[in-house]
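The lines below spell out each chain.
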Amino acid sequence: MPEVEVLDTGLIYRNPKPHVRAEHAIFPSLARAGGEIVATFALAEAFEAVNMHTHVARSGDGGETWQYEGPLYRRRELTSDSARVSAVGEGRLVALVNECDRSEHPAEGLANPENLGFVPTQFYLLRSADGGHTWSPPAPIDPPLVGPSFELCSPIVPLSDGRWLLPTSTWRGWDGSEPNGMKMVALVSHDEGATWQTYVDVMADPEGSVIYWESKIVEVSSGRLVAVAWAYDESAGEDLPNQYAVSDDGGRTWTSPRSTGLQGQTMDVLALQPDRLLVVYRRMDVAGLWAAIVDLDDGQWRTLVQTPLWGAEVEGLTGDSGEMVTNFNVLRFGAPCMITLAGGEILVAFWCYEECVSNIRWFRLAVH
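Residues numbered from 1 in each chain as written. Predicted model: local features only at pLDDT ≥ 70, side-chain atom pairs only at ≥ 80, totals over all residues. Heavy atoms only, no water.

So, the sheet that holds strand β25 (residues 346-354): which residues are in play, and what are the values?
The strand order β1-β26-β25-β24 describes an open sheet built from 4 strands, whose pairing is antiparallel. This sheet does not close on itself; its edge strands, each paired only once, are β1 (4-13) and β24 (333-340). Going across the sheet, the axis of each strand differs from the next one's by a mean of 25°, ignoring polarity. Alignment of β1 against strand β26 (residues 357-367), held across 8 bridges, turns out to be antiparallel. (Pairing = 2+ DSSP bridges. Helix = DSSP H or I, 4+ residues; strand = E, 2+ residues; numbered from the N terminus. Axes fitted to C-alpha atoms, helices over the stretch in contact; angles between N-to-C directions.)

I'd love a proper account of the nonpolar core, names of residues and values included.
With 27 residues, the main nonpolar core has Ile 12, Leu 30, Phe 41, Trp 66, Leu 347 and Trp 351 as its most contacted residues. Of all the secondary structure elements, the ones that give two or more residues to this core are β1, β2 (24-33), β3 (36-44), β24, β25 and β26. At 6 residues, β3 tops the list of elements feeding residues into this core. (Core = buried A, V, L, I, M, F, W, Y, C linked by side-chain atoms within 4.5 Å. Buried < 20%, exposed > 50% of the residue type's maximum accessible area, 1.4 Å probe, protein only.)

Please give an account of the side chain of Arg 282 that cites residues and values.
Tracing the chain through its elements places Arg 282 in strand β21 (residues 276-283). Despite its burial, Arg 282 pairs with no opposite charge, the nearest such side chain being Glu 214 at 6.5 Å. One polar contact links Arg 282 to Gln 265, side chain to side chain, over a distance of 2.6 Å. Within the local environment of Arg 282, its side chain forms a polar contact with the backbone oxygen of Phe 333, the two atoms lying 2.5 Å apart. (Lys, Arg positive; Asp, Glu negative; His and termini not counted. Salt bridge = Lys/Arg side-chain N within 4 Å of Asp/Glu carboxyl O. Polar contact = N/O pair within 3.5 Å; in protein donor to acceptor, adjacent residues only side chain to side chain.)

How would you explain the pairing of β3 if you had to name every residue and give the values?
Most of β3 is tucked away: 8 of the 9 residues are buried. Inspection of the sheet shows β2 paired to β3 by 8 bridges, in the antiparallel sense. The residue bridging His 24 from the neighbouring strand is Ala 44, located in β3. Turn length for the β2-β3 hairpin, with the two strands adjacent in sequence and antiparallel, is 2 residues, and the turn residue Gly 34 shows positive phi of about 65°.

Account for unusual backbone geometry, with residues named and values stated.
The residue after Gly 147, namely Pro 148, is reached through a cis peptide bond having omega 5°. Looking at where Pro 148 falls in the secondary structure, it is placed in the loop between β9 (139-140) and β10 (149-150). Even without being a glycine, Leu 78 presents a positive backbone phi close to 55°. With respect to the helices and strands, Leu 78 occurs in the loop between β5 (67-71) and β6 (79-89). A residue is classified by how much of its surface remains accessible, and Leu 78, at 39% relative accessible area, is partly exposed. A positive phi is found at Ala 335, a non-glycine position, where the angle reads about 50°.

Spelled out as structure tokens, the structure:
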């Protein structure tokens, strides 16, 4: 039986003076750049504060220690943002930024509690050719469909055939409009992000009741992709088990969503072998952040083992009010991300509240 071994843990970033200023760290992302690791994360005075913006840290020792480097780019007033970073070539990184326009509702959170609508969003790409030491100005992405808003849930996924995918979910506007419904899609670029002229539906409920959030896509072998998502039944006001879909033609078509059997949210997925995955997710049937090894050799999801990483003995980490906007407001951890280190070990990062401050924590894992 395979197993996940926890080797070490530590912090990427924590407010160095929580007694002086309110500053919480959330929404991390990781990418390898040569012998270094670059992390992006958002800093804000509160979980949905208008002053939430993306910052960068760097590690030169495999994630053991980190040096804070500052903001990713200069921000506009009355906008908040977060980012996901990807390695796209030797020393080349690309940061996908989702900027949220807070100008019309500066005293509100990101989502409308009346209808689950969202503030206006705009995707940007920032590029680095030197491992994230310098970045290009943000270049806007023109999506090939109307969201009207979009969720930032995944980094750019470069495929072996040269295409880039941008997994995301459409999100209804603040006024409740949703011309294309709320569904998981993947924007497609054939020119390394210069244009995004097409998209594919990945997970969509024909009845319009189930929303697919925090979606991820991983290439497990040439032409075979696996997508995962947190599924929320809006009509029933409850989460479903995490869902997955498989594509055997490079993401052009997908199977119908199917249950993973895992009751959770905010799942990240990493290919270990063509038929085996590592997933890390916020578990909802019991407390905490968990890792699972999954066998998928014939397209059927079989969870082989689950291992708690953090928070398994802590109560009150998530909300269960039945009102999703309220549940968003009281979350205390999530958004895991993973990369494989040079020696084959795996580095996981996520945000979590510890001693009343949200920080970015890492775990180093070995899978046997």
